[in-house]
Amino acid sequence: QTLGRTGDPAGAEKAFKRAISIEPGLLEAWFNLGSTQLDEGRPEEAIVSYYEVVARSPNHGLSHIQLAKAFYLQRDLTNAEIHVRQALSLGITPGRSGLWLAQILSAQGKHAESIEQEKKTLEQIAQPAEAFSIFNELADAELLVGRFEAAEAWLIKAIARFPDKPEPYCKLSKTRKFTNEDSDLLAKMESLLSTASFNEKRELEFSIGKIYADQGNPDNAFRHYKAANDLVRGKVAPNLQAYEFEADRLIKLFTAESIARLPIGNPSDLPILVIGPPRSGTTLVETLLCGHSKVSGAG
C-alpha cells in the first residue's frame, strides 16, 4: 500500500501478488490488487481479482462496488448494475452505490429511473465532502468511456459543492471545446492558482492552457502550458540524450528505402472499420487513414 501511495503501482502490484502467493485466501491482498489494476486502467484484470474476493466472501460490499465500476468501464452495463445493486442491498456506502446506480441507469437510457435514483441518494448524503468525492469519481469514469456531457454534469455538481477546489475544474477542461463565452470559468480557474498546491497548480496551468487554445488565444495558451511544464521540469529533469537516441533510431529505421519495401496496401474497396474501446485512439487512426486521397471517413 505504501508503494501505491508513493507512486509505484507496479511495485505495489508485485507486493500484493507476493502476499497472495504466501496466503492465497488473503482478501485484503486480492482487493488491493484489483484496485491497483483498476487504477492502472486494466478493468478486465481487476474483475478477476475482485471475483477472488467475492468467491470467498460473497457479502464483501466494496468489491461489488468496484466490480460495478470495472464492468462499467468495459461497457458491460448488465453486470455493472447487478453488482452495484448487490452493494446497495448490503448497505455498503449507500451514497456511492446509489449514485453509481444512477449513472449506470443513465447509460442504459433509463433516464427517469436515473433521475429519481440520483435525487433519492443525494437526500441521503449528509456531508458535502462525500458528495464532492463521489461526483469526481463518477466524472472520471464518464471521461474514460467518452460520455463527456455526463462527465460535465457531475463536475458542475462538484463545483457547486466546493467552488474553490481546483480538481473538478481541471477535469471539466477535458469535456468539450471551450469558447469565449466561458471567460468567467477561465477567470475563476486563474484565480485559484495563487492558493493551489503544487500538483493542483500544475494541473490548473495545463487546463487553463487548453481552454485558451480552444478559444483561439495561442499566446496565453503557450504561457500557461510553459508554466505547467516548468513546474514538471522542476521535479523531473529532461533526458535529452535518451530523446536524441530514440529520434536518431527512428530516422535510421524509416528511410525512404525501407518504406519503399513495405506492402503497398490492400486493393479491396470494402469499408475499413476502426474498432477499439473509448479513448483508445480510434479517432486518430481514422484521421490518419483519411489523409489518404482515396479514403474518406463515414463518421
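Keep in mind it's a predicted model, so treat the numbers as computed, not measured. (Residues numbered from 1 in each chain as written. Predicted model: local features only at pLDDT ≥ 70, side-chain atom pairs only at ≥ 80, totals over all residues. Heavy atoms only, no water.)

Should the charged atoms of two oppositely charged side chains come close, the side chains can pair. Counted by the stated rule, this structure contains 19 salt bridges. Where Arg42 meets Glu45, a salt bridge forms, and the shortest distance between an N and an O atom there is 2.8 Å. On the accessibility criterion, Glu45 (32% relative accessible area) is partly exposed. Across the pair Glu152 and Arg176 runs a salt bridge, and its minimum N-O distance is 3.1 Å. With Glu152 in helix α10 (residues 148-161) and Arg176 in the loop between α11 (166-172) and α12 (183-191), the pair connects residues that are 24 residues apart, well separated along the chain. Here the salt bridges share partners, and the residues they tie into one network are Glu13, Lys17, Arg42 and Glu45. (Salt bridge = Lys/Arg side-chain N within 4 Å of Asp/Glu carboxyl O. Buried < 20%, exposed > 50% of the residue type's maximum accessible area, 1.4 Å probe, protein only. Helix = DSSP H or I, 4+ residues; strand = E, 2+ residues; numbered from the N terminus.)

Another point: the environment of Gly216. Tracing the backbone through its elements, the reader meets Gly216 in the loop between α13 (198-214) and α14 (218-235). Take Gly216: its relative accessible area is 57%, and that puts it in the exposed class. A sequence separation of 38 residues divides Gly216 from Phe178, and the C-alpha atoms of the two residues are 9.6 Å apart.

On the surface, a nonpolar cluster with roughly 460 Å² of combined accessible area is contributed by Leu250, Leu253, Phe254, Ile259 and Leu262. In this fold, Leu253 is placed in helix α15 (residues 240-253). (Patch = residues over 30% accessible without salt bridge, like charges linked within 9 Å, V, L, I, M, F, W, Y side chains within 5 Å. Areas by Shrake-Rupley, 256 points an atom, 1.4 Å probe, with all protein chains shown as cover.)

Here helix α9 (residues 128-145) spans 26 Å end to end across 18 residues, near enough to the 26 Å set by a 1.5 Å rise per residue. Every buried residue of α9 is listed here: Ala131, Phe132, Ile134, Phe135, Asn136, Glu137, Leu138, Ala139, Ala141, Glu142, Leu143 and Val145. If you follow the buried residues of α9, they end up packed against α5 (61-73), α7 (94-107), α8 (111-124), α10 and α11. Directly beyond the C-terminal end of α9, a positive phi value near 85° is found at Gly146. (Expected span 1.5 Å × (residues − 1). Contact = heavy atoms within 4.5 Å.)

The analysis is restricted to geometry; functional conclusions fall outside its scope.
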